[in-house]
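Inside the fold
The chain contents come next:
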Amino acid sequence: MVIRDDIFYVGVNDHQLDLFEGLYDVPNGMAYNSYVIKDEKTAVMDSVDRNFGDEWIANIKAVLGGSAPDFLIVQHMEPDHSANIGRFAEEFPDAKIVGNAKTFTMMKRFFGTDFADRQVVVKDGETLSLGSHELKFVFAPMVHWPEVMMTYDSTAKVFFSADAFGKFGALDVEEDWACEARRYYFGIVGKYGAQVQALLKKAAALDIQTICPLHGPVLSENLDYYLNLYNTWSGYGVESEGLFIAYTSVYGNTKKAAELLKEKLEEKGCPKVAIADLAREDMAESVEDAFRYGKLVLATTTYNADIFPFMREFINDLTERGYQNRTIGIIENGTWAPMAAKIIKAKFEKSKNITFTETTVTVNSALDAASEAQIEALAEELTN
Ligand SMILES: [Fe+2]
Ligand SMILES: [Fe+2]
């Protein structure tokens, strides 16, 4: 893939991976992007995951013909991008390795060496000239690791954005960008909204025509669409009108209550009601939906004097990612001592700007006239 006549794609597609970062399902695989900027001096942007060293080196050689690269620029030390730094160093013994002080500290921790005799240590805002291409390093700490730096090519107006603007999915599979970029964002970067906001401010000062992330497609059209989504996501704003119902159900009674609420909400004209069984559907998909909509309903049982495990994990996934600015309704179920609502509220105690609905639905084992009336009232409250 040619980005411009002097910038080339040399990344790889991974269809063998079961869980990205040991946690996330990637039904359409994953791409580890890497780029070559050809100029008087040649730079390679990041390496790829450990299983793809041969393919990556072959891609670089195919682009460079007989010549060797002068620099490997290391924007992020997470192993999906750094695993082949050693391989690169062996293959191209005269190339320098560009990073910041934190990059090299991590390199030593991962590989036992920080390539001391080949280092180029850069600071935030520093530039590196390749001839006609002028690269400026834009540090983006905690997006989503502390050493992360991004690179602005002011000649080509290309922004190499590390993991920002990345998504799940290999590049040889066609799929909607936002769906898998949102799941990636809230799964992996979501906790660091303030740091992403800081990055967006820095990016706004640059004339960017192309974004080259480390995962997912190169973005070159309608950049405002992607920047606006990132602004909404990192600002914990509401992206879509509607509501998300997340439930767990042991014998199907809580599920019935959740489905009845969905029906009532739709009757009352709620524009979109998403619903998920947390035990059976992808957790990261549910996390993404909780952040996408402004309203969330949690339906679960009391369990071991706490709440059902998948709900506990889900709430934990939300609160540790800074869940805020949302309205939450609760459907609790319990056969002898229902206490899920109280426990759920306590779990959001430290979250900012969470409003609980006045109505809480209490199901005692199975729906009855009283709990159905509460569901009606909750639906009313959530659509007003
Ligand atoms: Fe990463
Ligand atoms: Fe990554």
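So, how was this worked out
- Residues numbered from 1 in each chain as written.
- Chains lettered and ligands numbered in written order.
- Predicted model: local features only at pLDDT ≥ 70, side-chain atom pairs only at ≥ 80, totals over all residues.
- Heavy atoms only, no water.
- Phe/Tyr/Trp six-rings, centres within 6.5 Å; stacked < 30°, edge-to-face > 60°.
- Buried < 20%, exposed > 50% of the residue type's maximum accessible area, 1.4 Å probe, protein only.
- Salt bridge = Lys/Arg side-chain N within 4 Å of Asp/Glu carboxyl O.
- Axes fitted to C-alpha atoms, helices over the stretch in contact; angles between N-to-C directions.
- Helix = DSSP H or I, 4+ residues; strand = E, 2+ residues; numbered from the N terminus.
- Left-handed = near helix turned anticlockwise from the far one by under 90°.
- Contact = heavy atoms within 4.5 Å.
- Donors = N, O, S within 2.8 Å, 3.2 Å for Na, K, Ca; no water.
- Tetrahedral: all angles 85-135°; square planar, octahedral: opposite > 155°, others 65-115°.
- Parallel < 35°, antiparallel > 145°, perpendicular 65-115°, else oblique.

**So, the packing of aromatic side chains**
- All told, the structure shown has 28 aromatic pairs when counted by the stated rule.
- Ring centres of Phe-88 and Phe-92 lie 5.1 Å apart, and the angle between their planes is 55°; on these two criteria the pair is classed as tilted.
- On the basis of relative accessible area, Phe-92 is assigned to the buried category, the value being 6%.
- Plain terms: the ring middles of Phe-110 and Phe-111 are 6.1 Å apart, the flat faces sit at 40° to each other, and that makes the pair tilted.
- A relative accessible area of 41% means that Phe-110 is categorised as partly exposed.

**Some words on the pattern of salt bridges**
- The full count for this structure, using the stated rule, is 21 salt bridges.
- With a shortest N-O distance of 2.6 Å, Lys-167 and Glu-175 are connected by a salt bridge.
- Overall, the relative accessible area of 26% leaves Glu-175 in the partly exposed class.
- Note that Arg-321 is salt-bridged to Asp-317, the shortest N-O span being 3.8 Å. You'll find Arg-321 and Asp-317 in the same group, each marked buried.
- A cluster of three or more residues bridged by salt bridges with shared partners is formed by Asp-54, Lys-61, Arg-87 and Glu-91.

**Looking at the packing of helix α5 (residues 177-189) against helix α7 (residues 223-234)**
- Viewed as axis vectors pointing N to C, α5 and α7 meet at an angle of 35°, and their least axial separation amounts to 12 Å. The hand of the α5/α7 crossing is right-handed. Contacts between α5 and α7 involve Trp-177, Ala-178, Ala-181, Arg-182, Tyr-185 and Phe-186 on the former and, on the latter, Tyr-225, Tyr-226, Leu-229, Tyr-230, Trp-233 and Ser-234.

**Remarks on the coordination of the iron ion (ligand 2)**
- Here the iron ion (ligand 2) is held by the protein donor atoms Asp-80 (OD), His-81 (NE2), Asp-163 (OD) and His-215 (NE2), which lie 2.1 to 2.4 Å from it.
- The coordination sphere of the iron ion (ligand 2) comprises four donor atoms, whose angles at the metal cover 80 to 166°; the geometry is irregular.
- Spacing between the donor residues of the iron ion (ligand 2) along the chain follows D-H-x81-D-x51-H.
- Between the two metal centres, the iron ion (ligand 2) and the iron ion (ligand 1), the spacing is 3.4 Å, with Asp-163 acting as a shared donor.

**Considerations on the coordination of the iron ion (ligand 1)**
- His-76 (NE2), Glu-78 (OE), His-144 (NE2) and Asp-163 (OD) make up the full set of protein donors to the iron ion (ligand 1), lying at 1.9 to 2.2 Å.
- Metal-centred angles of 88 to 170° between the four donor atoms at the iron ion (ligand 1) mark the site as irregular.
- Read in sequence order, the donor residues coordinating the iron ion (ligand 1) give the pattern H-x1-E-x65-H-x18-D.

**A short note on the packing of helix α9 (residues 283-292) against helix α10 (residues 309-319)**
- At a closest axis distance of 10 Å, the pairing of α9 and α10 adopts a crossing angle of 50°. With respect to α10, the axis of α9 lies oblique. Relative to α10, the crossing made by α9 is right-handed. Residues Met-283, Ser-286, Val-287, Ala-290 and Phe-291 of α9 form the contact with α10, whose participating residues are Phe-310, Glu-313, Phe-314, Asp-317 and Leu-318.

Everything listed here is a matter of coordinates, which is why it stays silent on function.
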